[in-house]
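Close look at the chain arrangement
Below, each chain spelled out in residue letters.
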Amino acid sequence: MVYQWLYQSVVGSLYLTVENDSLTRLDYTPPKDWNKKKQSAQLDQTKQPLFQAINEWLDRYFEGKQSQVEVQLAPKGTPFQQEVWKIIQEIPYGETMTYGEIAHRMAKRMGKEKMSAQAVGGAVGKNPLSIIIPCHRVIGKSGNITGYGGGIKRKLILLALEQVAPETYHVPENQKEASKFVNQSISL
């Protein structure tokens, strides 16, 4: 059975999906079948403790507190994507890593000499557990803020929330969505 939940945050609505007692999705957009399955989540009280644990973790996160996720995660993806997501989960709270650094780690894990940063970018873009698998901590070469499924503004807000040093990244001028946030403080 699939259960869904809506969480309201400082970065907008977050849509959560649980399957077989594991969190499989946390995203900024609702799944296509949201209205149908949303009702089942509200009616099945046996899932309340799981959703309560997820809500509590998200509450702590948005209060600027880092904590370990204490629910079973089951993101759906290819073996390659799964490995990239494991590396992303290794990025410490309040820090960033470039696509190239992730590609280097992936190459080592796969016993290869090198790996394409673009291939890694593709896997990062398929991350079904935004925030929990912190792909907002992944930045481009030379610290460029690059695309984010939730939008550049949300990425900047999450980096600010985690108090990532602003001098470690920058928004390229060609990022239309983010250009209005350059040289402005991000308020939560």
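This structure is a prediction, so every number in the text was calculated from the model and none was measured.

Basis of the calculations
Residue positions are given per chain, counted from 1 along the sequence in the order it is written. Reporting in this predicted model follows two pLDDT cut-offs: at least 70 for local features of residues, and 80 or more for side-chain atom pairs to be given and counted; totals over whole chains, interfaces and linings ignore these cut-offs and use all residues. The basis for the side-chain values is all heavy atoms of the structure; hydrogens and waters are excluded. A run of H or I in DSSP becomes a helix once it reaches four residues, and a run of E becomes a strand once it reaches two; helices and strands are each numbered from the N terminus. Exposure categories follow from relative accessible area, calculated using a 1.4 Å probe and restricted to protein chains: below 20% of the type maximum is buried, above 50% is exposed, and the middle band is partly exposed. The contact rule is simple, with two residues in contact once any of their heavy atoms fall within 4.5 Å. Areas reported here follow the Shrake-Rupley algorithm with a probe of radius 1.4 Å; residue values treat only the protein chains shown as occluding. To obtain each axis, a line is fitted to C-alpha atoms, and for helices this fit is confined to the stretch in contact; angles are then taken between N-to-C directions over 0 to 180 degrees. Should an angle fall under 35 degrees it is called roughly parallel, over 145 degrees roughly antiparallel, and 65 to 115 degrees roughly perpendicular, with every other angle called oblique. Should the near helix be turned anticlockwise from the far one by less than a right angle, the crossing is termed left-handed; should it be turned clockwise, right-handed. When residue character is reported, Ala, Val, Leu, Ile, Met, Phe, Trp, Tyr, Cys and Pro are called nonpolar, Asp, Glu, Lys and Arg charged, and the others, Gly included, polar.

Attention shifts here to the overall build of the chain. Regarding its fold elements, the chain presents 7 helices and 5 strands. For the chain, the sequential pattern of α-helices and β-strands runs β-β-β-α-α-α-β-α-α-β-α-α. Within the chain, the proportion of its 188 residues that are buried is 47%. Across the chain, every contact between residues at least 6 apart in sequence was considered, and the portion connecting residues at least 24 apart equals 60%. Accessible area of the chain: about 10300 Å², with a carbon and sulfur share of 48%.

A separate point is the packing of helix α3 (residues 79-89) against helix α4 (residues 99-109). Helix packing for two helices is described by the angle between their axes and how far apart those axes are. Packing of α3 against α4 brings their axes to within 10 Å, and their N-to-C directions diverge by 120°. Looking at the two axes, α3 sits oblique to α4. α3 and α4 meet at a crossing whose hand is right-handed. For the pair α3 and α4, the contacting residues are Phe-80, Glu-83, Val-84, Lys-86, Ile-87 and Ile-88 in the first and Ile-102, Arg-105, Met-106 and Arg-109 in the second. Looking at the contact of α3 with α4, its residues break down into 6 nonpolar, no polar and 4 charged.

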